[in-house]
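# Breakdown of the fold
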Amino acid sequence: MIEVDGLTRLYRRGTLETQVLKGVSFRVRRGEFVVIMGRSGSGKSTLLNILGLLDRPDGGRYLLDGADLSGADDDARSAARNRKLGFVFQQFHLLERASALRNVTLPLLYAEQDSGDSTERAERALQAVGLTHRPRHLPSELSGGEQQRVAIARALINDPAVILADEPTGNLDAQNGREILEIFRHLVDGGRTLVLVTHDRAVAERGDRVLVLDDGRIVGEEAVPTPAAGTRSDAAGAV
Ligand SMILES: Nc1ncnc2c1ncn2[C@@H]1O[C@H](COP(=O)(O)OP(=O)(O)OP(=O)(O)O)[C@@H](O)[C@H]1O
Ligand SMILES: [Mg+2]
């Protein structure tokens, strides 16, 4: 689903240069939950923004679902972003003056895909994250865990094959963090591909595979041991 090969990213301001990614290569299969773990400043968000087509690498190749987007123009990149990708961030990035339901429909508006059924679609997306009882609430009237559910529903509205999550439990307490990771696990069980970045080992252990990023390089890869039956919702095995 994702194939990156030798990705580099250099930030330059005046004479100040920071080589943030120094040749990153890996693959993610369809239906896999891959965690990129690394300490603060290791380049996780930089890498995820490139995977999300929000930023361009300086070098290397990026294939998404078989399409080489390395040299693609802005239109092709926006189209791929709208059709294939959903984003979830640490700061939920909800529109404060819009209801939960309205927030979820916004990507349809941006993608000019409003086919008249956007409310029903948003309701289904909210259902998928277990948030049906507060569709008219504003973000400020929702708990952190509820706001992150709205953000996940928004990420799902275009039915993306891939979800990219940057420290999605970073602003949540332990209980809400676990619930959000459960939702992600269900999405992966349903066939979606998930790439999640975190500095937190406890979060990383919820993935299928962990890539360790250090100073702009993948320095290790760990298969996550299968937990004892009953501790994870995919005891029967994911895709
Ligand atoms: N726009 C920029 N200009 C210059 N340097 C940048 C820029 N953005 C990020 N960096 C540098 O790139 C490095 C990696 O940043 P990045 O945000 O990818 O780290 P991270 O692994 O996500 O960290 P954290 O866990 O704190 O979110 C940092 O050293 C940062 O200072
Ligand atoms: Mg970051």
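These remarks concern the structure in this document. (Residues numbered from 1 in each chain as written. Chains lettered and ligands numbered in written order. Predicted model: local features only at pLDDT ≥ 70, side-chain atom pairs only at ≥ 80, totals over all residues. Heavy atoms only, no water.)

## Focus: the overall build of the protein chain
In plain terms, the rule: Secondary structure elements are taken from DSSP: a helix is a run of H or I of four residues or more, a strand is a run of E of two residues or more, and numbering for both begins at the N terminus. Only the C-alpha atoms count toward the radius of gyration. The rule for a globule is 2.2 Å times the residue count to the power 0.38. Working definition: with a 1.4 Å probe on protein chains only, accessible area under 20% of the residue-type maximum means buried, over 50% means exposed, and in between means partly exposed. Under the counting rule used here, the positive set is Lys and Arg, the negative set is Asp and Glu, and His together with the chain ends is not counted. Note that the charge is assigned to NZ on lysines, CZ on arginines, CG on aspartates and CD on glutamates.
Helices and strands together make up the secondary structure of the protein chain, namely seven helices and 10 strands. In terms of overall size, the protein chain behaves like a compact globule, its C-alpha atoms giving a radius of gyration of 18 Å where 239 residues would be expected to give roughly 18 Å. A principal-axis box enclosing the C-alpha atoms of the protein chain has dimensions of 50 × 45 × 35 Å. For the protein chain, the proportion of its 239 residues judged to be buried stands at 49%. Here the protein chain contributes 31 positive and 34 negative side-chain charges, whose respective centroids are spaced 1 Å apart.

## What about the side chain of R192?
Heads up, the rule is: Think of a polar contact as two N or O atoms within 3.5 Å of one another; within protein, one of them needs to be a possible hydrogen donor and the other a possible acceptor, and neighboring residues in sequence only count if both atoms come from side chains. Throughout, a residue-residue contact means that at least one pair of heavy atoms, one from each residue, lies within 4.5 Å.
Here R192 shows up in the loop between α6 (174–189) and β8 (193–198). A distance of 2.9 Å separates a polar atom in the side chain of R192 from a polar atom in the side chain of D159. Ignoring sequence-local partners within four residues, the contact set of R192 consists of G31, E32, L156, D159, P160, A161, I163 and L187.

## Considerations on the packing of aromatic side chains
Definition in use: Between the rings of Phe, Tyr and Trp (Trp by its six-membered ring), a pair exists once the centres lie within 6.5 Å; its type follows the angle of the planes, with under 30 degrees stacked, over 60 edge-to-face, and the other angles tilted.
Going through the model one piece at a time under the given rule, you end up with one aromatic pair. Relative to F89, the ring of F87 has its centre 5.9 Å away and its plane inclined at 5°; by these criteria the two rings are stacked.

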